[in-house]
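One-letter residues, chain by chain:
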Amino acid sequence: RKEVEQDPGPFNVPEGATVAFNCTYSNSASQSFFWYRQDCRKEPKLLMSVYSSGNEDGRFTAQLNRASQYISLLIRDSKLSDSATYLCVVNSQEGYQKVTFGTGTKLQVIP
Amino acid sequence: DAGITQSPRHKVTETGTPVTLRCHQTENHRYMYWYRQDPGHGLRLIHYSYGVKDTDKGEVSDGYSVSRSKTEDFLLTLESATSSQTSVYFCAISEFKDRGNEQYFGPGTRLTVT
């Protein structure tokens, strides 16, 4: 089993829709979690950090489910500009330098 | 945006030649990383640094070496480039505080080995 797994998509959704992605991780000792956004041929950019039970930032909500070992990203009122690949990232130990990246979920928001 | 630059941004080189990629930061962050990104693999860690002259291997370090002589610069060297090292290389920085290992990435270097 991969350390971090994501559905590659693509998820094709109309503007204004709500879309959710899940990411599963294999190491139950994982301590911190992140969502990054990556546009085509660009660098990944930090979207949200996910701690304890989750957090919200505008239209974006990230949730952590430790019992089932997954994190989710919910995007409400999708915009065309949300089209990108969303990377799930897991940090196995608090303070540990290495993180593991998922291969990403591609989102395409359609007019 | 975090102050991270990478040079060169694009490079085409021949098999067997040495190549050095440079990452420069203006954030004074302690940790620096080199990743490669290939289709189907996501980002994979090559090497990282936790201070000047302090480096360690990542999961795909074979064929690569690094050096960090100053806080702001982290160099990645391909001693003898091979076609399997054709990839996009990203540098990242982080500074562990209360929010864990949030990493910030440079714009990337597209390397083609012919």
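Our structure's up above, just so we're on the same page.
Reference entry: report on the structure contained in this document. On a predicted model such as this, the values are computed, not experimentally measured, just so you know.

### Description of the interface of chain B and chain A
- Each partner contributes residues to the interface: chain B has 25 residues there, and chain A has 22 residues.
- Summing both sides of the interface, chain B and chain A together bury roughly 1800 Å²; the carbon and sulfur share of this comes to 55%.
- Area buried by chain B at its contact with chain A is led by Leu-43, Phe-105 and Arg-110 of chain B, which between them contribute 24% of it.
- At the boundary of chain B with chain A, the tally comes to zero salt bridges.
- The interface formed by chain B and chain A contains three residue pairs in polar contact (both at pLDDT 80 or more).

### Some thoughts on the pattern of salt bridges
All names here are of chain B.
- Within this structure, the stated rule accounts for eight salt bridges over all chains.
- With a shortest N-O distance of 3.1 Å, Arg-22 and Asp-73 are connected by a salt bridge. Taken as a pair, Arg-22 in strand S3 (residues 19-25) and Asp-73 in strand S8 (residues 73-78) lie far apart in primary sequence, 51 residues in all.
- On the basis of relative accessibility, which here comes to 8%, the residue Asp-73 falls in the buried class.
- For Asp-38, the salt bridge is made with Arg-36, and the minimal N-O distance between the two is 2.8 Å.
- Looking at Asp-38, the relative accessible area reads 11%, which means it is buried.
- Note on Arg-36: relative accessible area 8%, which makes it buried.
- Each member of the salt-bridge network shares a partner with another, and the members are Arg-22, Lys-70 and Asp-73.

About the thresholds
- Residues numbered from 1 in each chain as written.
- Chains lettered and ligands numbered in written order.
- Predicted model: local features only at pLDDT ≥ 70, side-chain atom pairs only at ≥ 80, totals over all residues.
- Heavy atoms only, no water.
- Contact = heavy atoms within 4.5 Å.
- Buried area = accessible area lost by both parts, 1.4 Å probe.
- Salt bridge = Lys/Arg side-chain N within 4 Å of Asp/Glu carboxyl O.
- Polar contact = N/O pair within 3.5 Å; in protein donor to acceptor, adjacent residues only side chain to side chain.
- Helix = DSSP H or I, 4+ residues; strand = E, 2+ residues; numbered from the N terminus.
- Buried < 20%, exposed > 50% of the residue type's maximum accessible area, 1.4 Å probe, protein only.

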